[in-house]
Amino acid sequence: MMLKVDGLRKIFDGRVVLDGVSFEFDAGERLGIVGRSGCGKSTLVKLIARLIDADGGSITFDGEDITRLTGVRLRAVYRKMQMIFQNPEEAFNPRRTLGWSVGEPLRRWSMPNVEARVEELLKAVGLPVELAKRYPHEVSGGQCQRAAIARALALEPKLLICDEATSALDVKVQAQVTGLLRRLSVERGIALLFITHNLAILPTLVERVMVMHDGRVVETGAVEDVIKRPQSEWTRELLAAEIFSTEAN
Ligand SMILES: Nc1ncnc2c1ncn2[C@@H]1O[C@H](COP(=O)(O)OP(=O)(O)O)[C@@H](O)[C@H]1O
Ligand SMILES: [Mg+2]
């Protein structure tokens, strides 16, 4: 098992924000996590990535209990698990070129041939190598997100966690980036955890989906089944909200 989350619990200011979340998935699998804003998706992701500490439950990643890991051993986990966030421009140092930033994990881990690797990584995400010389504010949101994906791939992670990674992009670019993520996951055997409030983009990207509401998992299943035959009222509510927003656009 690549990742096993068991009874995860998080309390913020006396309020239970995650209440016994459990799920697991295998190497190379792609899982979507959906739920309306505030249901606890980002908190779950931050716990898995060990950016914040859990108040209960456990996280096993790649055969190791990482729930309370610290120091050098946690650093080794960070290398195998990479994250992509909503606003790519904020993820980069504005004073550094994109090429510098994409190569940063390689330099940090004293890897050889950084320049050639950066070129390879840019090509892998469909960016022209000239883009290495540009600064984050000099490229489009989609290009910047591709660069963030390139950087995340640098250390050949086993798991890529995307938290609303395409939510700030327009619909066409969103489809291009999800297409890229799927291809990279398939070709490189990288497991993908894709968090979104938008169920509609999941069928082309993931096989399985987990629906959250109010800090709990309310439904899990094959993505097609969940969309066609939602079992939970919260899933139906999410689907209805999407039809409405599509009509409004
Ligand atoms: N650092 C924090 N301190 C206090 N409350 C927080 C903190 N982070 C998140 N929350 C609260 O936890 C709940 C879940 O937030 P979040 O995980 O960001 O939801 P989602 O990503 O699904 O929109 C929200 O009610 C949010 O206000
Ligand atoms: Mg969030």
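In what follows, the structure referred to is the one given above.
Worth saying up front: this structure is predicted, and the values here are computed from it rather than measured.

Enquirer: Break down a nonpolar patch on the surface for me, citing the residues and quoting the values.
Expert: Side chains of Leu51, Tyr78 and Phe85 sit close together on the surface and give an oily, nonpolar patch of about 270 Å² of accessible area. Of note, Tyr78 is situated in helix H2 (residues 71-80). Note on Tyr78: relative accessible area 31%, which makes it partly exposed.

Enquirer: Any chance you could break down the site of ligand 1 for me, citing the residues and the numbers?
Expert: Within the structure, ligand 1 sits among Phe12, Asp13, Arg15, Val17, Arg36, Ser37, Gly38, Cys39, Gly40, Lys41, Ser42 and Thr43. Residue Gly40 places a main-chain N or O atom 3.1 Å away from an oxygen atom belonging to ligand 1. Protein chains shield 63% of the accessible area of ligand 1, which is 570 Å² for the free molecule. Contributing elements (two or more residues each) for the shell around ligand 1: strand E2 (15-25) and helix H1 (41-48). Per-element tally for the shell around ligand 1: the top contributor is H1, with 3 residues. Broken down by class, the residue content of the shell around ligand 1 amounts to 3 nonpolar, 5 polar and 4 charged.

Enquirer: Requested: an account of unusual backbone geometry, with residues and values cited.
Expert: Phi at Asp62 is positive, roughly 50°, even though this residue is not glycine. The exposure class assigned to Asp62 is partly exposed, which follows from its relative accessible area of 28%. Even without glycine at this site, Asp214 takes up a positive phi of about 50°.

Enquirer: Break down the packing of helix H4 (residues 98-108) against helix H5 (residues 114-124) for me, with residues and values.
Expert: Relative to each other, H4 and H5 sit at 120°, their axes nearing to 9 Å. One finds that H4 runs oblique with respect to H5. Like other packed secondary-structure pairs, H4 and H5 cross with a definite hand, here right-handed. Of the residues in H5, those touching H4 at Gly99, Val102, Gly103, Leu106 and Arg107 are Val114, Arg117, Val118, Leu121 and Leu122.

Enquirer: Break down the side chain of Asp163 for me, citing the residues and quoting the values.
Expert: As for its position among the elements, Asp163 is in strand E7 (residues 159-163). Not counting residues up to four positions away in its chain, the partners in contact with Asp163 are Ser42, Ile84, Phe85, Gln86 and Ile195.

Enquirer: Can you lay out the environment of Leu31 for me, pointing to particular residues and giving the numbers?
Expert: Along the chain, the position of Leu31 falls in strand E3 (residues 30-34). The spatial distance from the C-alpha of Leu31 to the C-alpha of Lys41 is 13 Å, given a sequence separation of 10 residues. Residue contacts for Leu31: discarding those within four places in its chain leaves Phe23, Phe25, Leu192, Leu193, Phe194, Val206, Arg208, Val209 and Met210.

The rules behind the values
- Residues numbered from 1 in each chain as written.
- Chains lettered and ligands numbered in written order.
- Predicted model: local features only at pLDDT ≥ 70, side-chain atom pairs only at ≥ 80, totals over all residues.
- Heavy atoms only, no water.
- Patch = residues over 30% accessible without salt bridge, like charges linked within 9 Å, V, L, I, M, F, W, Y side chains within 5 Å.
- Areas by Shrake-Rupley, 256 points an atom, 1.4 Å probe, with all protein chains shown as cover.
- Salt bridge = Lys/Arg side-chain N within 4 Å of Asp/Glu carboxyl O.
- Helix = DSSP H or I, 4+ residues; strand = E, 2+ residues; numbered from the N terminus.
- Buried < 20%, exposed > 50% of the residue type's maximum accessible area, 1.4 Å probe, protein only.
- Near = heavy atom within 4 Å.
- Polar contact = N/O pair within 3.5 Å; in protein donor to acceptor, adjacent residues only side chain to side chain.
- Nonpolar A, V, L, I, M, F, W, Y, C, P; charged D, E, K, R; others polar.
- Axes fitted to C-alpha atoms, helices over the stretch in contact; angles between N-to-C directions.
- Parallel < 35°, antiparallel > 145°, perpendicular 65-115°, else oblique.
- Left-handed = near helix turned anticlockwise from the far one by under 90°.
- Contact = heavy atoms within 4.5 Å.

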